[in-house]
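Here's the letter readout for the chains.
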Amino acid sequence: KVASMQQEIELLKSGLGPEGNATLDLMNQVSMLQSQLQSNGINPIEEFVSLDEAKIKIREALTRLMDGDEAAGGEVDKWDNFIRCHPEHIEEMQQLQLKWIEDNRPKNTAALRVIRSFVAPSIFSCKFDELLRRGLPLKLAKRMWDMKVLWFTRCEESFIAKIHAADLKSKYAFHMLDITELRAVWAVLPEEFENDQTGEKAEWKANMLQKLQDMVTKDDKGQLRSNQLRHVSYKGLDGFYDPDAAIVVQVSQASTAFAATE
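Residues numbered from 1 in each chain as written. Predicted model: local features only at pLDDT ≥ 70, side-chain atom pairs only at ≥ 80, totals over all residues. Heavy atoms only, no water.

Visitor: Is there a simple way to explain the overall build of the chain in this structure?
Guide: When helices and strands are tallied, the chain shows 12 helices and 0 strands. Listing the helices and strands of the chain from first to last along the sequence gives α-α-α-α-α-α-α-α-α-α-α-α. Counting the 262 residues in the chain, one finds 35% classified as buried. A separation threshold of at least 6 residues defines the contact pool for the chain, and within that pool the share at least 24 residues apart is 73%. Counting every atom, the chain has about 16500 Å² of accessible surface; 53% of that belongs to carbon and sulfur. (Helix = DSSP H or I, 4+ residues; strand = E, 2+ residues; numbered from the N terminus. Buried < 20%, exposed > 50% of the residue type's maximum accessible area, 1.4 Å probe, protein only. Contact = heavy atoms within 4.5 Å. Areas by Shrake-Rupley, 256 points an atom, 1.4 Å probe, with all protein chains shown as cover.)

Visitor: What is the right way to read a nonpolar patch on the surface from this model?
Guide: Taken together, the side chains of L62, L65 and M66 make up a nonpolar region of the molecular surface, amounting to roughly 290 Å² of accessible area. Along the chain, L62 falls in helix α3 (residues 51-66). (Patch = residues over 30% accessible without salt bridge, like charges linked within 9 Å, V, L, I, M, F, W, Y side chains within 5 Å. Salt bridge = Lys/Arg side-chain N within 4 Å of Asp/Glu carboxyl O.)

Visitor: Looking at this structure, I do not really get the nonpolar core. What am I missing?
Guide: Within soluble globular proteins, side chains that are nonpolar generally end up buried alongside one another. Grouped together as the largest cluster of nonpolar side chains are 45 residues, with contacts concentrated most on L131, M144, L150, F152 and W204. Residue assignment for this core shows that the elements contributing at least two residues are α5 (87-116), α7 (138-146), α8 (157-161), α10 (179-188) and α11 (200-220). Every residue in contact with M144, bar those within four places of it in the chain, is listed here: F118, V119, L131, L136, L150, W151 and Y234. In this structure, L51, A54, A61 and W79 belong to the second largest nonpolar core, which totals 9 residues. (Core = buried A, V, L, I, M, F, W, Y, C linked by side-chain atoms within 4.5 Å.)

Visitor: How should I be thinking about the pattern of salt bridges in this particular structure?
Guide: Opposite charge on two side chains permits pairing when their charged atoms draw close. Using the criterion set out here, one finds 10 salt bridges in the structure. A salt bridge links K99 to D103; the nearest nitrogen and oxygen atoms lie 2.8 Å apart. On the criterion of helical spacing, the pair formed by K99 and D103 is a turn pair, its members being 4 residues apart in helix α5. Judged by its relative accessible area of 49%, D103 is partly exposed. Among the ionic pairs, K142 bridges to D146, the shortest N-O distance being 2.7 Å. Of this pair, K142 and D146 both sit in helix α7, separated by 4 residues, roughly a single helical turn. The class of K142 is partly exposed, set by a relative accessible area of 47%.

Visitor: Looking at this structure, how should I read the packing of aromatic side chains?
Guide: We describe a pair of aromatic rings using the distance from one ring centre to the other and the angle between the two ring planes. For the coordinates displayed, the defined rule picks out 10 aromatic pairs. Between F118 and Y234, the ring centres sit 4.9 Å apart and the planes meet at 80°, which makes this aromatic pair edge-to-face. Here Y234 lies in the segment after α12 (226-229) and F118 lies in the loop between α5 and α6 (128-133), a separation of 116 residues in the sequence. Judged by its relative accessible area of 3%, Y234 is buried. Centroid distance F124 to F159: 5.4 Å. Interplanar angle 80°. Geometry classified as edge-to-face. Taken together, the residues span a long stretch of sequence, with F124 in the loop between α5 and α6 and F159 in helix α8 at a distance of 35 residues. Aromatic ring contacts, followed pair by pair, group F124, F128, W145, W151 and F159 into a single cluster. When the ring centre of Y234 is taken as origin, the NZ or CZ atom of R230, which lies over that ring, is 3.7 Å away. (Phe/Tyr/Trp six-rings, centres within 6.5 Å; stacked < 30°, edge-to-face > 60°. Lys NZ or Arg CZ within 6 Å of the ring centre and 35° of its normal.)

Visitor: Mind showing me how you'd approach unusual backbone geometry here?
Guide: What you tend to see is this: most non-glycine residues have negative phi, and most peptide bonds are trans. Here the phi dihedral of N195 falls at roughly 50°; this positive angle occurs in a residue that is not glycine. Its relative accessible area of 61% is what places N195 among the exposed residues.

Visitor: What should I look at first to understand the side chain of S233 in this one?
Guide: Here S233 shows up in the segment after α12. Overall, the relative accessible area of 6% leaves S233 in the buried class. At 2.8 Å, the side chain of S233 forms a polar contact with the side chain of H231. For S233, the residues in contact, after removing those within four places along its chain, are K139, L140 and R143. (Polar contact = N/O pair within 3.5 Å; in protein donor to acceptor, adjacent residues only side chain to side chain.)

Visitor: What is the right way to look at the packing of α10 against α11 in this model?
Guide: Angle between the axes and distance between the axes are the two parameters that describe a pair of packed helices. As a packed pair, α10 and α11 sit with axes 10 Å apart at the nearest point and diverge in direction by 140°. Taken together, the axis directions place α10 and α11 in an arrangement best described as oblique. Of the two possible hands of crossing, α10 and α11 adopt the one that is left-handed. Contacts between α10 and α11 involve I179, L182, R183, V185 and W186 from the first element and K205, M208, L209, K211, L212, M215, V216 and D219 from the second. In terms of residue class, the contact of α10 with α11 is built from 9 nonpolar, no polar and 4 charged. (Axes fitted to C-alpha atoms, helices over the stretch in contact; angles between N-to-C directions. Parallel < 35°, antiparallel > 145°, perpendicular 65-115°, else oblique. Left-handed = near helix turned anticlockwise from the far one by under 90°. Nonpolar A, V, L, I, M, F, W, Y, C, P; charged D, E, K, R; others polar.)

This is how it looks when you write it as structure tokens:
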């Protein structure tokens, strides 16, 4: 099918002017991309309809599937993939995401103040023993030391933007944060990271947002575990530091993700 399309393109190009040739060149590029997708086991979308029509088609396919028509499963997958790739759907999802972020901004800001009251303003230059000498209980000091992503609440946005992708995924992992901690860290992330040609930093941020959205949804349904609501290390504590203390400017350092350990 791809080969016949290319033959038709060449035949048509012989009788068209510059604009027509440009259009056919684009068609040829599409044909080549389809061929590349097929060679990698991916079936390209060949039928284009409106987003509304695609939603109707997937509902119809789902109805047939639930009625016992197993062959409809392929149609469901086809239209689900089509909808996910549709520009209008992508725009809708982006707008919904922006609205969610804006709606949650007050709670995230409030969480930031709470977490800052537990993170020393000079945390980047502190040693673990120093946290203990300053009066932090052992469990809380260990929490502050182990969850270094919480340190972001005490540094400037430009410092975070420069952090190496490998460090974000290791040293500054966020998967074990409770919902208040996660809200606080999200509140201080930069709009975009610097030197992110591979997109790994943007992916790290997107994964954090997804994690936060999932936790908020579970919280709204009363499904979060107690340690996800508030880590046990904070139990009975009201805070130790001024949340409004000035940010200490940090100097960007080379990645330590692959440094030797003792």
